[in-house]
Amino acid sequence: MQLFVTGFLLSLSLSLDLGTVNVAMVRTALQHGARPSFLLGLGSCLGDLAYALISLLAVAALLQSLAVRWALWLAGTLILLFLAAKMLREALGSRPDNLATPEGTLLTRSAAGYLLQGIGLAMSSPSAILWFATVGGSIIAASASRQAALIPFFTGFFLSGVAWSAMVAWLGGQGRKRMGGGLLRACALGSALLFLYFAAKVFLDGYHTLLAG
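Residues numbered from 1 in each chain as written. Predicted model: local features only at pLDDT ≥ 70, side-chain atom pairs only at ≥ 80, totals over all residues. Heavy atoms only, no water.

Here we look at the overall build of the chain
Here's step 1: In terms of regular secondary structure, the chain is built from eight helices and zero strands.
Here's step 2: Sorting the 213 residues of the chain into buried and exposed places 44% on the buried side.
Here's step 3: In the chain, once contacts between residues fewer than 6 apart in sequence are set aside, the share between residues at least 24 apart is 87%.
Here's step 4: Put simply, the chain shows about 10,400 Å² of open surface, and 70% of that area lies on carbon and sulfur atoms. (Helix = DSSP H or I, 4+ residues; strand = E, 2+ residues; numbered from the N terminus. Buried < 20%, exposed > 50% of the residue type's maximum accessible area, 1.4 Å probe, protein only. Contact = heavy atoms within 4.5 Å. Areas by Shrake-Rupley, 256 points an atom, 1.4 Å probe, with all protein chains shown as cover.)

Below you can see the structure in the form of structure tokens.
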């Protein structure tokens, strides 16, 4: 159960980052409804899951090097703290509500088209690539280091993204009013708290493994 929750929260911290996929989901919901928006989000979940599996395999091989383990420990902690500070500034500062203003017109696609668009957005997002290469890789490798842990961890990871996509699609489908500045600040604050949690987790895990052990 702990591994399921860890995977769930890890995916949630990535979803709460108000990036390309979330913008596309809201615009799709406002223009075409909740169902196409959810399909796009589901596609992004598949893309994130693929990146998570790649991160596990790549980092597991690289962790044989002590220098790489130190680099992942320090870099992962610092980047998580940076992301927490960034999201906290967004939560406490004034952020224009520009998500509900479509820029251009999204073409109506088939269900497969929305899924493929979501996969492409997730796997081409610069923030997602950086996140999985640094933060996500170190946490995934530490949490799912045993084969028995893979199923509950990645189940939680995937279901968290699906739940987030369903929520964003539903809210976006309700209209522009539901996507006000208050919701954006709440998302940013939740993301900041999760990033702080994982910063502490990565630091303590690295401390016990590299120094205390």
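Overview of the packing of helix 2 (residues 20-32) against helix 5 (residues 111-124)
Here's step 1: Packing of helix 2 against helix 5 brings their axes to within 9 Å, and their N-to-C directions diverge by 155°. Here helix 5 runs roughly antiparallel to helix 2, going by the angle between their axes. As for the relative orientation of helix 2 and helix 5, their crossing is right-handed in sense. Facing helix 2, whose interface residues are Thr20, Val21, Ala24, Thr28 and His32, helix 5 presents Tyr114, Leu121 and Ala122.
Here's step 2: Grouping the constituent residues of the contact of helix 2 with helix 5 by class yields five nonpolar, three polar and no charged. (Axes fitted to C-alpha atoms, helices over the stretch in contact; angles between N-to-C directions. Parallel < 35°, antiparallel > 145°, perpendicular 65-115°, else oblique. Left-handed = near helix turned anticlockwise from the far one by under 90°. Nonpolar A, V, L, I, M, F, W, Y, C, P; charged D, E, K, R; others polar.)

Comments concerning the nonpolar core
Here's step 1: Counting residues in hydrophobic clusters, the biggest one holds 17 residues, and the most contacted among them are Leu10, Leu80, Phe154 and Phe195.
Here's step 2: Of all the secondary-structure elements, those providing two or more residues to this core are helix 3 (34-62), helix 4 (66-92), helix 7 (150-174) and helix 8 (181-212).
Here's step 3: If you tally residues by element for this core, the top one is helix 8, at six residues. (Core = buried A, V, L, I, M, F, W, Y, C linked by side-chain atoms within 4.5 Å.)

Structural notes on the environment of Trp70
Here's step 1: Topologically, Trp70 is positioned in helix 4.
Here's step 2: Looking at Trp70, the relative accessible area reads 32%, which means it is partly exposed.
Here's step 3: Between the alpha carbons of Trp70 and Tyr207 there is a distance of 9.8 Å; along the sequence they are 137 residues apart.
Here's step 4: Leave out the neighbours within four places in its chain, and Trp70 touches Leu210 and Leu211.

Looking at the environment of Leu211
Here's step 1: In this structure, Leu211 sits in helix 8.
Here's step 2: Discounting chain neighbours no more than four positions away, the residues touching Leu211 are Trp70, Trp73 and Gly206.

Quick notes on the environment of Glu90
Here's step 1: Structurally, Glu90 is set in helix 4.
Here's step 2: Using a relative accessible area of 17% as the deciding quantity, one classes Glu90 as buried.
Here's step 3: Sequence-wise, Glu90 and Ala186 are 96 residues apart; in three dimensions their C-alpha atoms are separated by 9.7 Å.

What about a nonpolar patch on the surface?
Here's step 1: A cluster of nonpolar residues, Leu66, Trp70, Leu74, Phe203, Leu204, Tyr207 and Leu211, forms a patch on the protein surface that exposes about 650 Å² of accessible area.
Here's step 2: Among the elements that line the nonpolar patch, the one with the most residues is helix 8, at four residues. (Patch = residues over 30% accessible without salt bridge, like charges linked within 9 Å, V, L, I, M, F, W, Y side chains within 5 Å. Salt bridge = Lys/Arg side-chain N within 4 Å of Asp/Glu carboxyl O.)

Thoughts on the packing of helix 2 against helix 7
Here's step 1: With their axes 8 Å apart at the nearest point, helix 2 and helix 7 run at an angle of 40° to one another. Taken together, the axes of helix 2 and helix 7 lie oblique to each other. Relative to helix 7, the crossing made by helix 2 is right-handed. The residues of helix 7 that touch helix 2, namely those facing Asn22, Met25, Val26, Ala29 and Leu30, are Trp164, Ser165, Val168, Ala169, Gly172 and Gly173.

Quick notes on helix 2
Here's step 1: Across its 13 residues, helix 2 extends 18 Å between first and last C-alpha, which sits within 8% of the 18 Å expected from 1.5 Å per residue.
Here's step 2: Listing the buried residues of helix 2 in full gives Val21, Asn22, Val23, Ala24, Met25, Val26, Arg27, Thr28 and Ala29.
Here's step 3: Just past helix 2, the residue Gly33 takes up positive phi, approximately 110°. (Expected span 1.5 Å × (residues − 1).)

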